[in-house]
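Now for the letters of each chain:
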Amino acid sequence: MTFDRKIKIAPSILASDFANFGAECEAIEAQGADWVHVDVMDGHFVPNLTFGPATCAAIRPHIKGVMDVHLMIAPVDPYIDAFAQAGADVISAHVEAGPHIHRTLQAIRGAGVKAGVALNPGTPASAVAHLLDLTDLICVMTVNPGFGGQKFIDMSAKVKELRAMIGDRPVHIEIDGGVDVNTAPLVAQAGADVLVAGSAVFKGGSVSNPGPYGENIRAIRAAAEGVYV
Ligand code: DX5
Ligand code: ZN
């Protein structure tokens, strides 16, 4: 994984056909997705359940690029090795998921994976002030985690604050929740470079009709880059 700040669109397979993850990952990559965002939920840290490392391992051969695993689980540490072995390129853990996020980020990097730290909407930017040299990605949640298709909560001020804190460190800012053609420009202008989008990418398409995925990805990218289509 090389670092750059170009806009990257990361479709969340939470909005895809759960019976067809492999084909869905191949379809979104063929339609222009930069990363594939994989939402892991435990029914404890968030009020919803998805899947675990075995599903991630099964999906992995169907992704050519970056597999971006967002852990909405607590505790995190006992599962890091399993997600690393499943082939994650990035593993993000929530700062709210336990008392030892610093140790968690060390453990993720220790497993040979890029380390991400996620912030719920109510958590201030200052929560990562002492983690900036331990992290490769800061995920700013623009919904309360647990479900796709929720309304965007504007966190542009937090993104700007983080961008200034990061300085010239090679740290991505990722936005997760409610990203579409209307909200993408706000967060891109504030300094985000990775845009997760579930419903806004998968709407209107399917594995047998993947063209709309491409149209949606191109529209979000163009909006983020300031060129409305
Ligand atoms: C929310 C997840 C998001 C979600 C985004 O808990 O972390 O990745 O799938 O979905 P949309 O884009 O539909 O808000
Ligand atoms: Zn997510």
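Residues numbered from 1 in each chain as written. Chains lettered and ligands numbered in written order. Predicted model: local features only at pLDDT ≥ 70, side-chain atom pairs only at ≥ 80, totals over all residues. Heavy atoms only, no water.

Draft legend 1. Spotlight on the coordination of the zinc ion (ligand 2). Summarising the metal site, the zinc ion (ligand 2) is bound by the protein donors H37 (NE2), D39 (OD), H70 (ND1) and D176 (OD), whose distances to it range over 2.0 to 2.3 Å. Classification of the site at the zinc ion (ligand 2) rests on its six donor atoms, whose angles at the metal span 68 to 171 degrees, yielding the label octahedral. If you list the donors of the zinc ion (ligand 2) from N- to C-terminus, the spacing comes out as H-x1-D-x30-H-x105-D. Here the residue H37 occupies a position in strand β2 (residues 35-41), and D176 occupies one in strand β7 (residues 172-176), the gap between them amounting to 139 residues. Of the two residues, H37 and D176, both sit in the buried class. (Donors = N, O, S within 2.8 Å, 3.2 Å for Na, K, Ca; no water. Tetrahedral: all angles 85-135°; square planar, octahedral: opposite > 155°, others 65-115°. Helix = DSSP H or I, 4+ residues; strand = E, 2+ residues; numbered from the N terminus. Buried < 20%, exposed > 50% of the residue type's maximum accessible area, 1.4 Å probe, protein only.)

Draft legend 2. Summary view of the packing of aromatic side chains. Enumeration according to the criterion identifies four aromatic pairs in this entry. When the centroid spacing of 5.4 Å and the interplanar angle of 70 degrees are considered together, the rings of F21 and F51 count as edge-to-face. Here F21, found in helix α1 (residues 21-30), pairs with F51, found in the loop between β2 and α2 (53-59); they are 30 residues apart in sequence, far enough to count as distant. In this structure an aromatic cluster arises from ring pairing among F18, F21 and F51. (Phe/Tyr/Trp six-rings, centres within 6.5 Å; stacked < 30°, edge-to-face > 60°.)

Draft legend 3. Layout of the site of ligand 1. Looking at ligand 1, there are 20 residues lining it, with D39, G146, D176, G198 and S199 nearest. At 3.1 Å from an oxygen atom of ligand 1 is found a side-chain nitrogen or oxygen belonging to S12. A distance of 2.4 Å separates an oxygen atom of ligand 1 from a polar atom in the side chain of S199. Against a free-state accessible area of 380 Å², the protein chains account for coverage of 98% of ligand 1. Looking at the shell around ligand 1, the elements that each hand over two or more residues are β2, β3 (66-72) and β8 (194-197). The element that contributes the greatest number of residues to the shell around ligand 1 is β2, accounting for three residues. (Near = heavy atom within 4 Å. Polar contact = N/O pair within 3.5 Å; in protein donor to acceptor, adjacent residues only side chain to side chain. Areas by Shrake-Rupley, 256 points an atom, 1.4 Å probe, with all protein chains shown as cover.)

Draft legend 4. Up close: the environment of E96. On the secondary structure map, E96 appears in the loop between β4 (90-94) and α4 (101-110). In contact with E96, not counting residues within four places along its chain, are F45, A118, L119, N120 and T123. At a separation of 2.9 Å, a polar atom in the side chain of E96 contacts the side chain of H94. (Contact = heavy atoms within 4.5 Å.)

Draft legend 5. Quick look at the pairing of β7. The buried fraction of β7 is high, at five of five residues. The alternating pattern of β7 places H172, E174 and D176 on one face and I173 and I175 on the opposite face, and all of these are buried. Pairing of strand β6 (residues 137-141) with β7 involves five bridges; the strand directions are parallel. Of the residues in β7, the one forming a bridge with L137 is H172. With helix α5 (residues 156-166) bridging β6 and its parallel neighbour β7, the resulting β-α-β unit is right-handed. Strand direction decides the pairing type here: β7 and β8, joined by three bridges, are parallel. Residue I175 lies in a different strand from β8, and its bridge partner there is L195. Read as a crossover between parallel neighbours, the route from β7 over helix α6 (residues 184-190) to β8 is right-handed. (Pairing = 2+ DSSP bridges. Right-handed = clockwise from strand over helix to strand, strands pointing away.)

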